Amino acid sequence: MERRTDIGPPHYQKFLPPMIQRNYGKWKYHERPRPGVMVHVAESGDRLYTVRAASPRLLSIQKIRQYCDLADKYCDGYLRFTSRNNVEFLLTREANIAPLIEELKALGHPVGGIGRAISNIVHTQGWVHCHSAATDASGIVKCVMDELIEYFTGEKKVPGKLRVALACCLNMCGAVHCSDIAILGIHRRPPKVQAGLAQACEIPNVVASCPTAAIRPAKVDGKDSVEILEEQCMYCANCFSVCPALPMADAELDGVSIWVGGKVSNARTQPKFSKLAVPYLPNNPPRWPEVTRMVKTIVEVWVAHAQPDERLGEMIDRIGWPRFFKLADIPFSKEHIDDYRYAGLSLSRTAQIHHV
């Protein structure tokens, strides 16, 4: 008897296209006949074609309806979104590929990002929604991908896969900890304690919210409040999440850092955490020229010096960090001294097994 429950989402298999359900676990191989297009061939001989197009993370209802209309017209109604905000159309008829791509381009959505390519940038909310953002998300992503679009569409060739992520603060609801290139918004000063804090916030909750114990109860003009130990503050804005009387945003000091070398894949080498490359770049909307220029420089260094299928972190491990800094014209500073190890040295982060 089928178990029915209203807890959690429905099982994903209920929404798979019929061809995938018929051939589940029985695929022989896949190929990439052109940029942004992939075909999976099953043991039965069935062929499933995937067309990947770049999509914004934040979509209007009108845009989603446009996608659905295209899916109804060419894909029997089937599409999906990837974890990096690409939209993929799942086709069973090869003849529908070309007209679908033409309609996507007419709507302003380039096709690409499969295989040896730069995929779309996964990112957080930014100034549109997030209360703890140190920089914008959608704005920087648009500017960076405008510069890198030829690596997405395949007009310019790359050695392998490159994954870019953006998080607008170090709470990191984007995948910046394990991407080839990570753009991370940073605060550079502790929160400001506003008058009347005790009337707006519960002081025990505020103290408990700090992961580094940088907040302590205090008296200010005889009234209950808190004090911030700046040397212990990591500028995460957790306290502001529970107390609006501790604002973090600073138009002059907030900015962007860039991290490199992370990956999730177990292929060839173990997964890697991203490491700091550029400690600070200014927030300079609407086009963020400093951030865009630095990301493009790092990409061009990787394209010029990586071996086939070599990820950015693997290339850096091979040539060494000093040479990478020289090639990317990044000056070394005290922020680059990496003394944070802890469990990373003792706990396995990979499914790889080393035989002695």
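Everything numeric here is computed off the predicted structure, so don't read it as measured data.

Novice: Just to check I follow, could you spell out the overall build of the chain for this structure?
Specialist: Assigned secondary structure in the chain consists of ten helices and twelve strands. Its C-alpha atoms put the chain at 80 × 55 × 50 Å along the principal axes. Taken over 356 residues, the chain has a buried fraction of 45%. In the chain, the proportion of contacts linking residues at least 24 apart, taken out of those at least 6 apart, comes to 63%. Roughly 19500 Å² of accessible area belongs to the chain as shown, and the carbon and sulfur atoms make up 54% of that amount. Across the chain, the 44 positively charged side chains and the 37 negatively charged ones have centroids separated by 5 Å.

Novice: Hey, could you run me through the pairing of strand β2 (residues 37–42) in this one?
Specialist: Each regular strand carries side chains that alternate between the two faces of the sheet. By the criterion of burial, β2 is predominantly enclosed, with five of the six residues buried. Summarising the sheet, strand β1 (residues 27–34) and β2 pair through five bridges and their orientation is antiparallel. Bridging from a neighbouring strand, R34 pairs with V37 of β2. Linking β1 to β2, which pair antiparallel, is a turn of two residues; within it G36 sits at a positive phi near 80°. Bridge count for β2 against strand β3 (residues 47–54) is five bridges, and the pairing is antiparallel. Within β3, the position partnered with V41 by the bridge is R47.

Novice: What's the story with helix α8 (residues 289–305) in this structure? I'm lost.
Specialist: Count 3.6 residues to each turn of an α-helix, and residues three or four apart come out pointing the same way. The terminal C-alpha atoms of α8 lie 24 Å apart, and with 17 residues this matches the ideal 24 Å at 1.5 Å per residue to within 8%. Of the positions making up α8, those classed as buried are V291, T292, M294, V295, I298, V299, V301 and W302. For α8, the elements touching its buried residues are α4 (138–153), β8 (181–186), β11 (255–260), β12 (275–282), α9 (312–319) and α10 (321–327).

Novice: Please explain the side chain of H336 as it appears in this structure.
Specialist: Along the polypeptide, H336 turns up in the segment after α10. The class for H336 is buried, based on a relative accessible area of 11%. Within the local environment of H336, its side chain forms a polar contact with the backbone oxygen of A277, the two atoms lying 2.6 Å apart. Leaving out residues up to four positions away in the same chain, H336 has contacts with L276, A277, V278, P279, F325, I330 and P331.

Novice: What exactly am I supposed to notice about the environment of G113 here?
Specialist: Relative to the elements of secondary structure, G113 occurs in the loop between α3 (97–106) and β6 (122–123). Sequence separation between G113 and S138 is 25 residues, and the spatial gap between their C-alpha atoms is 18 Å. Residues in contact with G113, not counting those within four places in the same chain, are R52, I118, S119 and F152.

Novice: Just checking my understanding: could you explain α4 for this structure?
Specialist: Its maximal kink placed at E147, α4 deviates by approximately 60°. Among all positions of α4, only G139, I140, V141, C143, V144, M145, L148, Y151, F152 and T153 are buried. Residue G154 follows α4 closely and has a positive phi angle near 90°.

Novice: I tried to follow the pattern of salt bridges on my own but got confused; where do I start?
Specialist: Pairing of side chains with opposite charge becomes possible as their charged atoms draw close. This model, assessed by the stated rule, comprises 17 salt bridges. K296 is paired through a salt bridge with E147; the nearest N and O atoms lie 3.2 Å apart. Taken together, the positions of K296 in helix α8 and E147 in helix α4 put the pair 149 residues apart, joining distant regions of the chain. Assessed through its relative accessible area of 35%, E147 is described here as partly exposed. Overlapping salt bridges bring together R52, R80 and E88 as one network.

Novice: Is there a simple way to explain unusual backbone geometry in this structure?
Specialist: Both trends apply: most residues other than glycine have a negative phi, and most peptide bonds are in trans. The step from P285 to P286 runs through a cis peptide bond, and the omega angle for that step is 15°. Relative to the assigned elements, P286 resides in the loop between β12 and α8. Of note in this structure, Y235 is not a glycine but carries a positive phi near 60°. As for its placement among the helices and strands, Y235 is situated in the loop between β10 (223–228) and α7 (238–242). One non-glycine residue, W288, lies in positive phi territory at about 45°.

Novice: Just checking my understanding: could you explain the sheet that holds β12 for this structure?
Specialist: Paired through their backbone hydrogen bonds, the strands of a sheet run either parallel or antiparallel. Pairing is mixed across the open sheet formed by five strands, whose spatial order is β6-β7-β8-β11-β12. Since the sheet does not close on itself, it has two edges, and those belong to β6 and β12, each with one partner. Where strand β7 (residues 164–167) meets β8, four bridges bridge the pair, whose relative direction is parallel. Bridge pairing in β8 places V164 opposite I181.

Definitions and cut-offs
- In every chain, residue numbers begin from 1 and rise along the written sequence.
- This being a predicted model, a pLDDT of at least 70 is required before a residue's local features are given, and a value of 80 or more before pairs of side-chain atoms are given or counted; all residues contribute to the totals for chains, interfaces and linings.
- Only hydrogens and water are set aside when side-chain values are computed; all heavy atoms of the structure are taken into account.
- Starting at the N terminus, helices and strands are each numbered in turn, a helix being any DSSP run of H or I of at least four residues and a strand any DSSP run of E of at least two.
- A 1.4 Å probe rolled over the protein chains alone gives each residue an accessible area, and that area as a share of the maximum for its type sets the label: buried under 20%, exposed over 50%, partly exposed in between.
- Residues are treated as being in contact if the distance between any of their heavy atoms lies within 4.5 Å.
- All accessible areas in this document rest on Shrake-Rupley with a 1.4 Å probe, and a residue is counted as covered only by the protein chains that are shown.
- Under the convention used here, Asp and Glu are negative, Lys and Arg are positive, and both His and the chain ends fall outside the count.
- One atom stands in for each charge, and that atom is NZ of Lys, CZ of Arg, CG of Asp or CD of Glu.
- Strand pairing is defined by DSSP finding a minimum of two bridges between the two strands.
- Under the convention used throughout, the expected extent of a helix is 1.5 Å for every residue step, that is, one less than its residue count.
- In protein, a polar contact requires one atom able to donate a hydrogen and another able to accept it; more generally it is a pair of N or O atoms within 3.5 Å, and residues adjacent in sequence count only if both atoms are side-chain atoms.
- The term bend refers to the angle at a residue between two fitted axes, each drawn through seven residues, those ending there and those starting there.
- Here a salt bridge means any side-chain nitrogen of Lys or Arg lying within 4 Å of a carboxyl oxygen belonging to Asp or Glu.

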